[in-house]
Amino acid sequence: VFVWEKVPDRRRINLRIDPGLSFGTGDHFTTRFCLEELERACGELAPRSMLDAGTGSGILAIAAAKLGVARVEAFDFDPVCVVQCAGNAALHRLGKGRIRFYSGDVLKDGWLRRPADVVCANILTHILIEAAPALWRATKQRLILTGIREFEGDSVADAFVANGARETLRDSDGEWCGIVLDR
């Protein structure tokens, strides 16, 4: 059981995640960074939609739904992850239709159904850089990136800034970093 505290009203949200063979339990800096920044985005922007690119266990999509985001979509390259995500969503009584999980490859066409207010991508650096134009097109307001080694942060930020993004936050744990970009 991963416990994540929703700070604004002091209620606690308990997220039960069975990662199976996928990534994303909340124990790693990258997932925690995305959860914290997703919570901040929900408080600042009141997003109506969220897209989780490279969803892994579905933890970010589930958190978005629990935070009240009306339309949540999440995809992963690995179809096993998509099956696992549906099971994790069911653990939270988020029935079919509440979160749309599907298979997709961020490096190929066809994964973007429609742009979202907030996009999260916890994916390795070389993939983020290659997918920068597409991920930025998918973002209406805020893009939260991680899965980045700290020494690679500038390269990732530069790829998105070249597409018109504005870096608003960067944080790290000395090994990994996360970046927030706004329109």
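Above: the structure in question.
Rules of the game
- Residues numbered from 1 in each chain as written.
- Predicted model: local features only at pLDDT ≥ 70, side-chain atom pairs only at ≥ 80, totals over all residues.
- Heavy atoms only, no water.
- Pairing = 2+ DSSP bridges.
- Helix = DSSP H or I, 4+ residues; strand = E, 2+ residues; numbered from the N terminus.
- Axes fitted to C-alpha atoms, helices over the stretch in contact; angles between N-to-C directions.
- Contact = heavy atoms within 4.5 Å.
- Core = buried A, V, L, I, M, F, W, Y, C linked by side-chain atoms within 4.5 Å.
- Buried < 20%, exposed > 50% of the residue type's maximum accessible area, 1.4 Å probe, protein only.
- Salt bridge = Lys/Arg side-chain N within 4 Å of Asp/Glu carboxyl O.

**Student:** Provide a residue-level description of the sheet that holds strand β7 (residues 139-149), including the pertinent values.
**Tutor:** As summarised here, the arrangement of the seven strands in space is β5-β4-β3-β6-β7-β9-β8, forming an open sheet in which the pairing is mixed. Both outer strands of the open sheet, β5 (99-103) and β8 (166-172), are each paired with one neighbouring strand and no more. Strand-to-strand twist in this sheet, taken as the mean axis angle between neighbours without regard to direction, amounts to 15°. The sheet contact formed by strand β6 (residues 116-122) and β7 spans six bridges and is parallel. Along β7, the bridge assignment pairs C120 with I144. The strands touched by helix α1 (residues 29-45) within the sheet are β3 (49-53), β6, β7, β8 and β9 (176-182), with β7 carrying the most contacts at an inclination of about 165°. Here helix α3 (residues 79-91) sits on the sheet and contacts β4 (71-76) and β5; the angle it forms with β5, its principal contact strand, is near 165°.

**Student:** Go over the nonpolar core, please, and point to the residues and values.
**Tutor:** Membership of the largest hydrophobic core comes to 30 residues, with the highest contact counts inside it found for L38, M50, L60, V72, I99 and F101. Within the residue set of this core, elements represented by two or more residues are α1, α2 (59-66), β4, α3, β5, β6 and β9. Not counting residues within four places of it along the chain, the set of residues in contact with L60 comprises T31, C34, L35, L38, M50, D52 and C120. Core analysis: the second largest hydrophobic core is formed by 28 residues, L128, L135, C177 and L181 among them.

**Student:** Which residues make up the pattern of salt bridges, and what values go with them?
**Tutor:** Throughout the structure, instances matching the rule amount to nine salt bridges. Two residues, R40 and E44, come together in a salt bridge whose shortest N-O distance is 3.0 Å. Of the two residues, R40 and E44 both sit in helix α1, four residues apart, roughly one turn of that helix. Taking relative accessible area as the criterion, E44 reaches 46% and is therefore assigned partly exposed.

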